Amino acid sequence: MKSEIATIRIKNLRLRTHIGIKEDEIQNKQDVIINVVIAYHAGRAQTSDNMDDALNYRTITKHIIALVEENRFSLLEHLTARVLDIASEHESVIDARVEVDKPHALRFADSVSMELSYHKNA
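Residues numbered from 1 in each chain as written. Predicted model: local features only at pLDDT ≥ 70, side-chain atom pairs only at ≥ 80, totals over all residues. Heavy atoms only, no water.

Before going further, it helps to examine the sheet that holds strand 4 (residues 93–103). Spatially, the 5 strands line up as an open sheet ordered 3-1-2-4-5, and their pairing is mixed. Both outer strands of the open sheet, strand 3 (72–73) and strand 5 (111–119), are each paired with one neighbouring strand and no more. Here 9 bridges tie strand 4 to strand 5, and the two strands are oriented antiparallel to one another. Note that in strand 5 the partner of E99 across the bridge is E115. Helix-sheet contacts for helix 3 (residues 57–69) involve strand 1 (5–19), strand 2 (30–41) and strand 3, and the interaxial angle to strand 1 is about 20°. On top of the sheet, helix 4 (residues 76–88) reaches strand 1, strand 2, strand 3, strand 4 and strand 5; it is set at about 145° to strand 4, its chief contact. (Pairing = 2+ DSSP bridges. Helix = DSSP H or I, 4+ residues; strand = E, 2+ residues; numbered from the N terminus. Contact = heavy atoms within 4.5 Å. Axes fitted to C-alpha atoms, helices over the stretch in contact; angles between N-to-C directions.)

Structure follows, in structure tokens:
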């Protein structure tokens, strides 16, 4: 069986969480925008058409939503790393990339973002 690499993209997942270190950030939830890219071996799913052989993006998204909405974060680095842990936890994942945007974090900028990536060693 030829192994094909599939890419899942979760685009602009808009959530609210406590993120930051300033008093108003600690007290009030803020918007975050999450983008996730996951590459995985999908050869079996392509030939079987069976959900058990695929990476379930709905399950991944639900885990990300629960993580973000049920926790508090001081740093974008920590939030981004925790989301990356979820995106890369399945054994078939070979690459993952997560970007978390914090809109209006800076006065003259649309947002500040943090990006982290994972690559499985062969």
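That shown, we press on.
Now for the pattern of salt bridges. Applying the stated criterion across every chain, the model contains 3 salt bridges. Note that R97 is salt-bridged to E115, the shortest N-O span being 3.5 Å. Of this pair, R97 sits in strand 4 while E115 sits in strand 5, and the two are 18 residues apart along the sequence. (Salt bridge = Lys/Arg side-chain N within 4 Å of Asp/Glu carboxyl O.)

With that out of the way, let us pick up the pairing of strand 1. Looking at chain direction, strand 1 and strand 2 are connected through 11 bridges and run antiparallel. Across the sheet, residue I10 finds its bridge partner in strand 2, namely V36.

Purely geometric stuff here, so don't read any function into it on its own.
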